[in-house]
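A closer look at the structure
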Amino acid sequence: FYEIVFYLGFCYNDLGLYQKAYYYLDAIFHQNRISYTKEYIISLVNCHDFRALSVINSILQRMEQLESNLQDEEDGNGKSALHFRQFVNFLLKEKGYMLVVTGHLDEAEKLYKDMLKDPENEAIALRELANLERIKKEV
């Protein structure tokens, strides 16, 4: 059942029907699966939902707490750490986008500059900093 609901939400997200996607994804968000959570965040962010930043921040806080546990329980091949890091990077990217959308440009700039320190985020951070400079000039 949860997989079907997820696929419905995923498809609506892919079609750009973010409010309909939210309807389905909100029902399964509590399952705490990365794939479900990513699609849920995508729907919130693309709807410019005021709750998106608080949801992202609370998940990032949980990820910080879990990071130390993950390092202790590493499975040897680094697969868990890789998925964890990719998910955190996704959340940071979405947080930056929401900060720009909500007009918190200075906070977004600080986030993107922090992201520059991570080689995995460097390209995204540079692109977003350039976009941010363009937006600041227009304002």
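Residues numbered from 1 in each chain as written. Predicted model: local features only at pLDDT ≥ 70, side-chain atom pairs only at ≥ 80, totals over all residues. Heavy atoms only, no water.

When you go through the protein chain residue by residue, the secondary structure sums to seven helices and zero strands. For the protein chain, the α and β elements follow one another from N to C terminus as α-α-α-α-α-α-α. In terms of overall dimensions, the protein chain is globule-like: its C-alpha atoms have a radius of gyration of 16 Å, near the 14 Å expected for 139 residues. Structurally, the protein chain occupies a C-alpha span of about 50 × 40 × 20 Å along its principal axes. Per-residue burial for the protein chain yields a buried fraction of 37% across its 139 residues. Taking all contacts inside the protein chain whose residues are at least 6 apart in sequence as the whole, residues at least 24 apart take part in 48%. Surface exposure of the protein chain reaches about 8,700 Å², of which carbon and sulfur atoms provide 54%. Of the side-chain charges in the protein chain, 16 are positive and 22 negative, and the distance between the mean point of each set is 4 Å. (Helix = DSSP H or I, 4+ residues; strand = E, 2+ residues; numbered from the N terminus. Rg over C-alpha atoms; globule rule 2.2 N^0.38 Å. Buried < 20%, exposed > 50% of the residue type's maximum accessible area, 1.4 Å probe, protein only. Contact = heavy atoms within 4.5 Å. Areas by Shrake-Rupley, 256 points an atom, 1.4 Å probe, with all protein chains shown as cover. Lys, Arg positive; Asp, Glu negative; His and termini not counted. Charge placed at Lys NZ, Arg CZ, Asp CG, Glu CD.)

Position of Glu 109 among the secondary structure elements: in helix 6 (residues 105–115). Leaving out residues up to four positions away in the same chain, Glu 109 has contacts with Leu 129, Leu 132, Glu 133 and Lys 136.

What follows deals with the environment of Ala 81. You can see Ala 81 is positioned in helix 5 (residues 79–101). Exposure remark for Ala 81: the relative accessible area of 30% places this residue in the partly exposed category. Considered as a pair, Ala 81 and Tyr 7 are 74 residues apart in the sequence and their alpha carbons are 26 Å apart.

A few words now on the packing of helix 1 (residues 2–14) against helix 3 (residues 34–46). Following both chains from N to C, one finds helix 1 and helix 3 inclined at 35 degrees, their axes separated by 10 Å at the closest point. When the axes of helix 1 and helix 3 are compared, the crossing they make is left-handed. On helix 3, the residues that touch Tyr 2, Glu 3, Phe 6, Phe 10 and Asn 13 of helix 1 are Ser 35, Tyr 36, Glu 39, Ile 42 and Ser 43. Split into classes, the residues belonging to the contact of helix 1 with helix 3 amount to five nonpolar, three polar and two charged. (Axes fitted to C-alpha atoms, helices over the stretch in contact; angles between N-to-C directions. Left-handed = near helix turned anticlockwise from the far one by under 90°. Nonpolar A, V, L, I, M, F, W, Y, C, P; charged D, E, K, R; others polar.)

Put simply, the protein chain has an average pLDDT of 90, and 92% of its residues get 70 or more. Per-element averaging of pLDDT across the protein chain places helix 4 (residues 52–72) at the bottom with 85 and helix 1 at the top with 97. (pLDDT = per-residue confidence, 0-100.)

This part covers the packing of aromatic side chains. Following the criterion strictly, the structure yields nine aromatic pairs and no others. Members of the aromatic cluster, each reached through a chain of ring pairs, are Phe 6, Tyr 7, Phe 10 and Tyr 36. The side chain of Arg 33 reaches across the aromatic face of Tyr 36, ending 4.7 Å from its centre. The ring of Phe 90 has Lys 38 sitting right over it, with the charged end atom 5.4 Å from the ring centre. (Phe/Tyr/Trp six-rings, centres within 6.5 Å; stacked < 30°, edge-to-face > 60°. Lys NZ or Arg CZ within 6 Å of the ring centre and 35° of its normal.)

Attention now moves to the layout of surface pockets. Each pocket or cavity is described by its volume, and for the largest pocket that value is around 250 Å³. Residue lining of the largest pocket: Asn 32, Arg 33, Ile 34, Thr 37, Ile 59, Arg 62, Met 63, Leu 66, Ser 80, His 83, Phe 84 and Phe 87, and that is the complete set. Broken down by secondary-structure element, the contributors of at least two residues to the lining of the largest pocket are helix 3, helix 4 and helix 5. Within the lining of the largest pocket, the residues separate by chemical class into six nonpolar, four polar and two charged. Roughly 190 Å³ of volume is contained in the second largest pocket. Together, Leu 60, Met 63, Glu 64, Glu 67, Phe 84, Arg 85, Val 88, Leu 92, Lys 95 and Leu 111 line the second largest pocket. Within the residue set of the lining of the second largest pocket, elements represented by two or more residues are helix 4 and helix 5. When residues of the lining of the second largest pocket are assigned to their parent elements, the largest contribution, five residues, is made by helix 5. Considered class by class, the residues forming the lining of the second largest pocket number six nonpolar, no polar and four charged. (1 Å grid on protein atoms, 1.4 Å probe; cavity = no way out; pocket = protein on both sides within 12 Å on 5 of 7 lines; lining within 4 Å. Points joined across faces, edges and corners; volume = space filled by probe spheres on them.)

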